[in-house]
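What the coordinates show
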Amino acid sequence: MPAPTEIQYKQLERMLVNLEMAIPVHCRQHEDGSVQVDAGNPYVIRDGDQMDAFLNDLMDINTDVEPDELFDEFLGLLDPYCDY
C-alpha cells in the first residue's frame, strides 16, 4: 500500500483552508509520506488509497452548518481512515 502522494497532501491542505471549523485543523506530511492531521489530537493517514477515499468524502462535507458541527462532521469523516 503506497503512502499518500504530495498531490494528495496539497489537496488536503487547500481543502482545510476553506473549512471554517470551531477548532483549527492543520496537516503535515512526514518523511515516509504519511499525512498527519492535527485536529485536537493527531490523526495519521498512512495509505494513499485511504487518503483518496477521505478526500472524496471531504468534498461532500456539509459546510452550511455551525463551525462546531462542521468540526464534528470532519472528525467523523476522518476517523475511519486514520491511525492514532
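Everything that follows concerns the structure shown earlier in this document.
In short, a report on the structure.

Cut-offs used in this document
Residues numbered from 1 in each chain as written. Predicted model: local features only at pLDDT ≥ 70, side-chain atom pairs only at ≥ 80, totals over all residues. Heavy atoms only, no water. Helix = DSSP H or I, 4+ residues; strand = E, 2+ residues; numbered from the N terminus. Polar contact = N/O pair within 3.5 Å; in protein donor to acceptor, adjacent residues only side chain to side chain. Pairing = 2+ DSSP bridges. Axes fitted to C-alpha atoms, helices over the stretch in contact; angles between N-to-C directions. Salt bridge = Lys/Arg side-chain N within 4 Å of Asp/Glu carboxyl O. Buried < 20%, exposed > 50% of the residue type's maximum accessible area, 1.4 Å probe, protein only.

With that settled, the discussion passes to the environment of arginine 46. The topology assignment puts arginine 46 in the loop between β3 (41–45) and α2 (48–59). Linking arginine 46 and leucine 70, residues 24 residues apart in sequence, is a C-alpha distance of 24 Å. A distance of 2.9 Å separates the side chain of arginine 46 from the side chain of aspartate 83, its partner in a polar contact.

With that out of the way, let us pick up the sheet that holds strand β1 (residues 26–29). Overall, antiparallel pairing links the three strands, which are arranged β1-β2-β3 in an open sheet. The sheet terminates laterally at β1 and β3, the two strands that pair on one side only. Shown here is a sheet whose adjacent strand axes are inclined to one another by a mean of 25°, direction ignored. As paired strands, β1 and strand β2 (residues 35–39) are joined by four bridges and run antiparallel to one another.

Per the stated rule, a full pass over the model turns up four salt bridges. Taking the shortest distance from any N to any O, the salt bridge between glutamate 13 and lysine 10 comes out at 3.7 Å. Linking glutamate 13 with lysine 10, this pair stays in helix α1 (residues 6–17), spanning three residues, or about one helical turn. Between arginine 46 and aspartate 83 there is a salt bridge, with the nearest N and O atoms lying 2.9 Å from each other. In this pair, arginine 46 sits in the loop between β3 and α2 while aspartate 83 sits in the segment after α3 (67–78), placing the two residues 37 residues apart along the sequence. Residue aspartate 83 is classed as partly exposed on the basis of its relative accessible area of 36%. Overlapping salt bridges, with partners in common, bring together Glu6, Lys10 and Glu13 in one network.

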